[in-house]
Amino acid sequence: MVLIDGKKVASEIRNELKLQVDSLKNDGKPVPGLVAILVGNNPASKVYVNSKAKACDEIGFKSAVEILDENIAQPDLIELIKSYNQNKDYHGILVQLPLPKHINESEIINSISPLKDVDGFHPISVGNLVIGNDTFAPCTPAGIQELLKRYNIETKGKHVVVVGRSNIVGKPIANILLQKKENANSIVTICHSAADIAHYTRQADILIAAIGVPNFIKKEMIKPDVVVIDVGINRVEDKNISKGYRIVGDVDYDSVAPLASYITPVPGGVGPMTIAMLLKNTLKAYNNLR
Ligand code: GUN
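Residues numbered from 1 in each chain as written. Predicted model: local features only at pLDDT ≥ 70, side-chain atom pairs only at ≥ 80, totals over all residues. Heavy atoms only, no water.

## Here we look at the overall build of the protein
In step 1: From N to C terminus, the protein includes 10 helices and 11 strands.
In step 2: Each principal axis of the C-alpha atoms in the protein carries an extent, and together these give about 50 × 40 × 35 Å.
In step 3: Expressed as a percentage of its 290 residues, the buried residues of the protein come to 50%.
In step 4: When contacts within the protein are restricted to residue pairs at least 6 apart in sequence, long-range pairs at least 24 apart make up 70% of them.
In step 5: Just so you have it, the protein exposes about 13,900 Å², and 51% of that area is on carbon and sulfur atoms. (Helix = DSSP H or I, 4+ residues; strand = E, 2+ residues; numbered from the N terminus. Buried < 20%, exposed > 50% of the residue type's maximum accessible area, 1.4 Å probe, protein only. Contact = heavy atoms within 4.5 Å. Areas by Shrake-Rupley, 256 points an atom, 1.4 Å probe, with all protein chains shown as cover.)

## Remarks on helix α6 (residues 139–150)
In step 1: End to end, α6 covers 16 Å across 12 residues, agreeing with the expected 16 Å (1.5 Å per residue, within 8%).
In step 2: Counting buried positions over the 12 residues of α6 gives nine, a clear majority of the element.
In step 3: Buried residues of α6: Cys139, Thr140, Pro141, Ala142, Gly143, Ile144, Glu146, Leu147 and Leu148, and no others.
In step 4: On its buried face, α6 is in contact with α1 (6–26), α7 (170–178), β7 (206–209), β8 (227–230) and α10 (271–289).
In step 5: Just downstream of α6, Asn152 is the residue with a positive phi angle, here 50°. (Expected span 1.5 Å × (residues − 1).)

## A few points about the nonpolar core
In step 1: Of all hydrophobic cores here, the largest spans 51 residues; its most connected members are Ile144, Ile208, Ile229, Val231 and Leu279.
In step 2: When residues of this core are assigned to domains, at least three map to each of domain 1 (28–113) and domain 2 (139–271).
In step 3: Once residues lying within four places of it in the same chain are set aside, the contact partners of Leu279 are Arg14, Leu17, Ala55, Cys56, Ile59 and Phe61.
In step 4: If you look at the next biggest cluster of nonpolar residues, it comprises 21 residues, including Ala64, Ile72, Leu80 and Leu99. (Core = buried A, V, L, I, M, F, W, Y, C linked by side-chain atoms within 4.5 Å. Domains from an automatic or database assignment.)

## Points about the site of the ligand
In step 1: In the vicinity of the ligand, the contacting residues are Lys52, Leu94, Val95, Gln96, Leu97, Asp119 and Phe121.
In step 2: One of the side-chain nitrogen or oxygen atoms of Gln96 is found 3.3 Å away from a nitrogen atom of the ligand.
In step 3: Asp119 has a polar side-chain atom sitting 2.6 Å from a nitrogen atom of the ligand.
In step 4: Protein contact buries 83% of the 280 Å² of open area that the ligand shows by itself.
In step 5: A class-by-class count of the residues in the shell around the ligand yields four nonpolar, one polar and two charged. (Near = heavy atom within 4 Å. Polar contact = N/O pair within 3.5 Å; in protein donor to acceptor, adjacent residues only side chain to side chain. Nonpolar A, V, L, I, M, F, W, Y, C, P; charged D, E, K, R; others polar.)

## Remarks on the pattern of salt bridges
Between side chains of opposite charge, pairing is possible as soon as their charged atoms come close.
In step 1: Enumeration over the complete set of coordinates arrives at 12 salt bridges.
In step 2: A salt bridge links Lys8 to Glu12, with the nearest nitrogen and oxygen atoms 3.9 Å apart. Highlighted residues: Lys8 and Glu12, both in helix α1, separated by four residues, approximately one helical turn.
In step 3: Exposure remark for Lys8: the relative accessible area of 48% places this residue in the partly exposed category.
In step 4: Taken together, the salt bridges that share partners define one network made up of Lys8, Glu12, Glu16, Glu146, Arg150 and Lys280. (Salt bridge = Lys/Arg side-chain N within 4 Å of Asp/Glu carboxyl O.)

## Overview of the domain arrangement of the protein
It is common to give the size of an interface as the accessible area that goes away when the parts come together.
In step 1: We note that the domain assignment places domain 1 (28–113) and domain 2 (139–271) within the protein.
In step 2: For domain 1 and domain 2, the distance between their C-alpha centres works out to 28 Å.

## A few points about unusual backbone geometry
In step 1: Across the junction of Leu97 and Pro98, the peptide omega takes the value 0°, indicating a cis bond.
In step 2: Topologically, Pro98 is positioned in the loop between β4 (92–95) and α4 (105–111).
In step 3: With an omega of -5°, the peptide bond between Val266 and Pro267 qualifies as cis.
In step 4: Of note, Pro267 is situated in the loop between β11 (262–263) and α10.

## Here's the deal with the sheet that holds β8
In step 1: Ordered in space as β1-β11-β8-β7-β5-β6, the six strands form an open sheet in which the pairing is parallel. Of all strands in the sheet, those bounded by a partner on one side alone are β1 (2–3) and β6 (187–191).
In step 2: Pairing between β1 and β11: two bridges, direction parallel. Paired with Val2 across the bridge in β11 is Tyr262.
In step 3: Packed on one face of the sheet, α7 meets β5 (159–163), β6 and β7 and runs near 170° to β6. (Pairing = 2+ DSSP bridges. Axes fitted to C-alpha atoms, helices over the stretch in contact; angles between N-to-C directions.)

## A short note on the pairing of β8
In step 1: The side-chain alternation of β8 yields two buried faces, one formed by Val227 and Ile229 and the other by Val228 and Asp230.
In step 2: Taken together, the four bridges between β7 and β8 define a ladder with parallel strand orientation. The partner of Leu207 across the bridge, within β8, is Val228.
In step 3: Bridge analysis of β8 against β11 gives two bridges, and the strand direction is parallel. Bridge assignment links Val227 to a residue of β11, and that residue is Tyr262.

So this is what it looks like as structure tokens:
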């Protein structure tokens, strides 16, 4: 069994990006900029947003974090986004999800300029992804594809079974790996909680778990030598740890790992790749806008 080290790959990507930023600076050019907008005080979201800003700083990107009151009116949020749509210093705009209930997520995403949609959530980006046009792919799925590529894991003709149908992971990873392109060209099945899915997961050559249920995928649900990609980041109570919780994936790692050919750990697998790909998308937005 090979452990897929997302932390290491993400660090390699950040180093590659830093070299490109250094070269821009040497040429006296402006650097790429990313703004992360967070509404409210969700502790996990705060951690993500701050890590995104820190990652920008480390490679020499400009970054801003806007933390807005939980009760902000939707038109005020849209006005802020529109000001960043016009702002020449920021090439990527990210609105951290989920948003408070009084805010319409779809209307917020629609207000982000597709040219700055580094999360790849705007319907124009989604449409381009489905068609196979060059676009911003959502960061977590893009990170999964990059991991498969860098570990030389064949995707062409392989049966990829995706568990979960979210707009952030399940649907986009299915569309990415379905494309008739390099590092894709897979046979793709998407399954979800509306049925007993073991019948499907057992057929996977590559199993991608993105359902947000701790330890959901058990050893009875896989075939030997499967490649397991665990996208779950679940907090489960653990009184033995000072924080009171630990992070586990959607895969029951202890029972599944011995049977797998490759597996991503949680943490340290897919998670670190999300931010690396966000930085990559921000550089792409910068290049497109210049
Ligand atoms: N919430 C969970 N994942 C993501 C992500 O990739 N981007 C944003 N903006 N919000 C998220």
